[in-house]
Amino acid sequence: MIIFLIIVLLLVCGGLWVWPLLAGLIGGSGVTDKPGALRHIRQLMVTYDIAPTEVETTFLAPAPADLTASQRSKGDTARTLFTYLGAIFIVAGISTYIGMFWDSMGGTMRIFVTLGVGYILLVVLISALYEKKYPRAILPLTLACVFMMTGGWFVLIEELFPTGDNWRAASLFVSGIMAIHWGVLFAKYQRTVFALMALFFIYGFLHVGLDMLGVSYTYIAIILGSSLWLVGSALDETPQRALAEPALLIGTIWLNGGLFDLIASSIDTNWASFIIGICLMLTAYGLHSKDRYPRLIALGYLVGSMMLYAGLFDLVNNTPVELIFLAVTAALLYVSVLLHSKALLLTTVLAMLSYIGYFSAEHFADSLGWPITLVLMGVAFMGVGTIAIKLKRQI
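Residues numbered from 1 in each chain as written. Predicted model: local features only at pLDDT ≥ 70, side-chain atom pairs only at ≥ 80, totals over all residues. Heavy atoms only, no water.

1. A few points about the packing of helix H10 (residues 244-266) against helix H11 (residues 269-289)
For the pair H10 and H11, the least separation of the axes is 8 Å and the interaxial angle reads 150°. Taken together, the axes of H10 and H11 are roughly antiparallel relative to one another. Where H10 crosses over H11, the two elements pack in a sense that is right-handed. Facing Thr252, Asn256, Leu259, Phe260, Ile263 and Ala264 of H10, the residues of H11 in contact are Thr269, Trp271, Ala272, Ser273, Ile275, Ile276, Cys279 and Leu280. Among the residues forming the contact of H10 with H11, the class breakdown is 10 nonpolar, four polar and no charged. (Axes fitted to C-alpha atoms, helices over the stretch in contact; angles between N-to-C directions. Helix = DSSP H or I, 4+ residues; strand = E, 2+ residues; numbered from the N terminus. Parallel < 35°, antiparallel > 145°, perpendicular 65-115°, else oblique. Left-handed = near helix turned anticlockwise from the far one by under 90°. Contact = heavy atoms within 4.5 Å. Nonpolar A, V, L, I, M, F, W, Y, C, P; charged D, E, K, R; others polar.)

2. Considering the environment of isoleucine 297
Within the secondary structure, isoleucine 297 sits in helix H12 (residues 294-316). Accessibility expressed as a relative area gives 5% for isoleucine 297, which makes it buried. Residues isoleucine 297 and serine 341 lie 44 residues apart in sequence; the distance between their C-alpha atoms is 8.7 Å. Apart from the residues lying within four places of it in its own chain, the contact partners of isoleucine 297 are Ala284, Leu287, His288 and Arg292. (Buried < 20%, exposed > 50% of the residue type's maximum accessible area, 1.4 Å probe, protein only.)

3. Considerations on the confidence of the model for the chain
Residues of the chain with pLDDT of at least 70 account for 76%, and the chain-wide mean is 79. Put simply, helix H1 (residues 2-26) is where the chain has its lowest mean pLDDT, 45, and helix H8 (residues 192-212) is where it has its highest, 94. Throughout residues 1-29 the model reports pLDDT below 50, and contacts reaching past four residues in sequence, or to other chains, amount to 34 contacts. Ignoring residues within four places in sequence, the model shows residues 65-70, a span with pLDDT below 50, making zero contacts including any to other chains. (pLDDT = per-residue confidence, 0-100.)

4. Comments concerning helix H9 (residues 217-235)
Here H9 spans 26 Å end to end across 19 residues, near enough to the 27 Å set by a 1.5 Å rise per residue. Taken as a whole, H9 has its buried residues at Thr218, Ile220, Ala221, Ile222, Leu224, Gly225, Leu228, Gly232 and Leu235. Structurally, H9 contributes buried residues whose contacts are with H8 and H10. (Expected span 1.5 Å × (residues − 1).)

Okay, here's the thing in structure tokens:
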């Protein structure tokens with residue numbers, strides 16, 4: 001449970017750098033000209049619920065004369081620096097003590113240095129929330145509390161039931177008690193980080209509970225993925241909307257992963273890839289039509305089209321309707337232009353070129369006329385496109 005928590009935290013924190021990189025690689029923003037910039041601005045306004053009057057007010061407001069006036073003083077910077085250093089040394093000292101003397105500690109001492117320290121940190125966290133003087137300390141205190149309290153509860157269970165080996169029951173209890181803790185704190189203080197922790201432990205509780213009831217992992221993924229998608233949609237209308245995008249992403253992966261396993265076990269893996277690819281693209285189109293979450297839209301088109309092409313190629317390969325693959329790629333190429341989706345355009349062009357190369361190697365390996373025909377067809381299509389653009393400008 002602790003290892004899983006660490007992995008999730010690393011993924012969430014890593015997303016701060018991965019998201020922009022991924023969006024840049026697949027063209028998530030799509031800003032290359034003035035119309036594209038306007039579309040991007042509209043998406044941002046819709047995503048963050050910004051009214052046109054607020055944009056106008058900000059645009060017409062005079063620029064600050066001194067940018068350094070709003071910066072913190074050197075004293076505040078030094079205090080923050082030494083606070084972080086002190087916290088690092090405290091955590092390092094506690095961790096070193098636990099690692100050095102763990103085997104020689106008694107059960108009571110082990111519980112105190114884990115669960116006890118966790119609750120001490122929780123008291124400090126609540127005090128900081130009550131005083132409202134240390135807002136920057138809330139996030140690190142929360143993460144430290146989660147780590148120490150989660151590990152501490154497992155240590156307590158291990159000390160009370162040393163012969164027990166039911167890890168599911170232990171995980172269910174710890175997830176439930178932690179969900180109650182952070183749910184109460186969220187209800188009181190309405191902090192986004194508390195909502196994140198509450199959701200994490202709630203879904204951990206549900207996952208383990210359904211597993212103990214004998215529900216297969218396929219149906220667990222479908223049930224919890226669907227519910228997390230609904231939760232993400234609901235979060236979009238709350239002050240915790242920062243959690244909506246990752247919730248929708250995880251919910252989509254969870255749900256479609258379960259559906260993929262269900263279809264693959266019932267019909268065929270190729271059909272599963274084809275159907276789930278269509279589902280992901282339809283999901284991306286639904287978000288696209290609402291101008292919501294451009295990064296999720298680009299990722300949905302990218303992964304969905306890749307799965308669709310992979311499944312479709314295996315389904316029609318060496319069949320009388322094999323050329324339907326080329327027709328589908330041509331149709332989706334048209335769709336990618338209509339939707340201004342670079343991600344869909346990228347996968348479609350690669351799929352079309354790959355299929356043409358495969359088809360040429362299979363049927364025209366020693367023919368000189370085939371590559372010349374392809375070149376002439378390419379020149380013809382480019383010419384038709386140029387003429388169409390000129391006609392559109394004249395109209």
